[in-house]
Amino acid sequence: MKLTKQILNKIIKESLKQEDYKERIVEIFKSGDREYAMELAHDVGIAITDLFTGADLKGVKMPNINLADANLRGTNFRGASLWGINMDGADLTGANLEYANLEGCSLEGANLTGAKLYNANVQGADFSNANLTGADLDWVNMHVAMINKKTILPLGYKIPKRGSVEADFMDMANRDDP
């Protein structure tokens, strides 16, 4: 009997529990074989919107993925390159985004309650209608991100004005790698 990809997927599906699938698929994704990971997730019935919930994606590079409405609660994206990702409406409650590159990300309507964004690069990121209640925005230069009147910022957070010493210093600090 020839061991095809279809047979291998069936064996994996029958031998693992749902949580084990997710862990294995995330490991495949992190190793760089993203297409196969997405195909495998589809084959075993795991939606991309649930695949990364609570996963350790520290330092991963995953540009231009669509994670709109994804459950990313507690996911560790520390130092990850998330350039241009669509996370509109995603639940990032308690997620770790410290030192992450969120440049050009769309986080419109996302829930970032209690998320850690310490020293994240948010240049051009869209936080319109997002909830950042209790988020750690230390050393985050929000004046280079897009927000609107419906964006909920942490209590007492003040966005540094463009051209201020504080904003310019944050620009320099955000260039450092973790």
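About the criteria used
Residues numbered from 1 in each chain as written. Predicted model: local features only at pLDDT ≥ 70, side-chain atom pairs only at ≥ 80, totals over all residues. Heavy atoms only, no water. Buried < 20%, exposed > 50% of the residue type's maximum accessible area, 1.4 Å probe, protein only. Salt bridge = Lys/Arg side-chain N within 4 Å of Asp/Glu carboxyl O. Helix = DSSP H or I, 4+ residues; strand = E, 2+ residues; numbered from the N terminus. Polar contact = N/O pair within 3.5 Å; in protein donor to acceptor, adjacent residues only side chain to side chain. Contact = heavy atoms within 4.5 Å.

**Here we look at unusual backbone geometry**
At step 1: Its identity as a non-glycine residue notwithstanding, N64 has a phi of 60°, on the positive side.
At step 2: A relative accessible area of 54% means that N64 is categorised as exposed.

**Notes on the pattern of salt bridges**
At step 1: Counted according to the given criterion, the structure contains three salt bridges.
At step 2: In this structure, the salt-bridge partner of R73 is D91, at a minimum N-O distance of 2.7 Å. Remark: D91 occurs in the loop between α4 (48-51) and α5 (165-173) and R73 occurs in the loop between α4 and α5; sequence separation between them is 18 residues.
At step 3: With a relative accessible area of 43%, R73 lands in the partly exposed category.
At step 4: Between R78 and E98 there is a salt bridge, with the nearest N and O atoms lying 3.2 Å from each other. Within this pair, whereas R78 is found in the loop between α4 and α5, its partner E98 is found in the loop between α4 and α5, the two being separated by 20 residues in sequence.
At step 5: In this structure R78 comes out as partly exposed when scored by relative accessible area, which is 26%.
At step 6: By relative accessible area, E98 is classed as buried at 17%.

**Regarding the side chain of S106**
At step 1: One can find S106 in the loop between α4 and α5.
At step 2: Judged by relative accessible area, which is 18%, S106 ranks as buried.
At step 3: A polar contact is formed between the side chain of S106 and the side chain of D88, at a distance of 2.4 Å.
At step 4: If near-sequence neighbours (up to four positions away) are discounted, S106 is found in contact with I85, N86, M87, D88 and D126.

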